[in-house]
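In case you want the letters, here they are:
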Amino acid sequence: MEQSLYERLGGSEKIIQIANDVVDNHVANPRIGKRFANTDLPATKKAAAEFIITGTGGPEVYTGKDMRATHAGMNINEAELLSAMSDVMDALDKNGVDQREKEEVLFILFSMKDEILFG
Ligand code: HEM
């Protein structure tokens, strides 16, 4: 049987590293960094890791809020979403993730856009 995306990304340990890099990239990103100014970064990194672990076919460890509730009231626009998605792609590159897995992550992120935008 084909391995899950979770397994192909390298399992929990690797995904924790990817999630840390994603949040670090967001904070350093001039287009969206200010959004994270009043955020508990270690908690956000932990939630991001658990979200990816669960969302890619790993154990059901995500206990955070759903995406609509998380981003409600932020009024996020398309340019910010695109920029955040680029941060994720950069984090995957940094961690040696291959093209096919990058495409799958990109598709998953894009498919959630209506829960993130203009809420
Ligand atoms: C498909 C795209 C996105 C996904 C999958 C996603 C996912 C998440 C997750 C899992 C959390 C943690 C939730 C929790 O702590 O329970 C989070 C928090 C957050 N996200 Fe997103 N996000 C996306 C796009 C964005 C964009 C585009 C922005 C802004 C430019 C953004 C801003 C934030 C902020 C500021 C927080 C922290 C909220 C807090 O202070 O707790 N997100 N996101």
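Residues numbered from 1 in each chain as written. Predicted model: local features only at pLDDT ≥ 70, side-chain atom pairs only at ≥ 80, totals over all residues. Heavy atoms only, no water.

### Brief notes about the nonpolar core
Counted only if it meets this: What is meant by a nonpolar core is a set of buried Ala, Val, Leu, Ile, Met, Phe, Trp, Tyr and Cys residues, joined one to another through side-chain atoms within 4.5 Å. When accessible area is computed with a 1.4 Å probe and restricted to protein chains, residues below 20% of their type maximum are described as buried, those above 50% as exposed, and intermediate ones as partly exposed. Strands here mean DSSP runs of E at least two residues long; helices mean DSSP runs of H or I at least four residues long; both are numbered from the N terminus. Two residues form a contact once any of their heavy atoms are found within 4.5 Å.
Ranked by size, the top nonpolar core spans 13 residues in total, and within it L9, I18, V88, L92 and V105 carry the most contacts. Listed by contribution, the elements that provide at least two residues to this core are α1 (5–9), α2 (11–28) and α5 (78–94). The element contributing the most residues to this core is α5, with 4 residues. Those residues in contact with V88 that lie beyond four places of it in its chain are V22, V105 and L109. M67, I76, M85 and I116 belong to the second-largest nonpolar core, a separate cluster that totals 7 residues.

### Here we look at the packing of aromatic side chains
Note the threshold: Side-chain rings of Phe, Tyr and Trp (the six-membered ring for Trp) are treated as a pair once their centres are within 6.5 Å; stacked means planes under 30 degrees apart, edge-to-face means over 60, and tilted covers the remaining angles.
Under the defined criterion, the tally for this structure stands at 1 aromatic pair. Ring geometry for F51 and Y62: centres 5.1 Å apart, planes at 80°, overall edge-to-face. With F51 in helix α3 (residues 41–55) and Y62 in the loop between α3 and α4 (67–71), the pair connects residues that are 11 residues apart, well separated along the chain. Owing to a relative accessible area of 26%, F51 belongs among the partly exposed residues under this scheme.

### Describing the packing of α5 against helix α6 (residues 99–111)
We apply this condition: Note on method: axes are straight lines fitted to C-alpha atoms, helices fitted across the in-contact stretch only, with angles between N-to-C directions ranging 0 to 180 degrees. When an angle is under 35 degrees it counts as roughly parallel; over 145 it counts as roughly antiparallel; between 65 and 115 it counts as roughly perpendicular; any other value is oblique. Less than a right angle of anticlockwise turn of the near helix away from the far helix marks a crossing as left-handed, whereas a clockwise turn marks it as right-handed. In this count, Pro and Cys sit with the nonpolar residues alongside Ala, Val, Leu, Ile, Met, Phe, Trp and Tyr, while Asp, Glu, Lys and Arg are called charged and the others, Gly among them, polar.
Closest axis-to-axis distance for the α5/α6 pair is 11 Å, and the angle between their directions is 160°. By the angle between their directions, the pair α5 and α6 is classed as roughly antiparallel. The interaxial crossing formed by α5 with α6 has right-handed handedness. In this structure, α5 contributes M85, V88, M89, L92 and D93 to the contact, and α6 contributes K102, V105, L106, L109 and F110. Along the lines of polarity and charge, the residues of the contact of α5 with α6 split into 8 nonpolar, no polar and 2 charged.

### Let's talk about the coordination of the iron atom of the ligand
This is how it is decided: Any nitrogen, oxygen or sulfur atom within 2.8 Å of a metal ion counts as a donor, with the limit raised to 3.2 Å for Na, K and Ca, and since water is left out, coordination shells can look unfinished.
Within the protein, just one atom coordinates the iron atom of the ligand: H71 (NE2), at a distance of 2.0 Å. Relative to the helices and strands, H71 resides in helix α4.

Any functional reading would require information that these geometric values do not contain.
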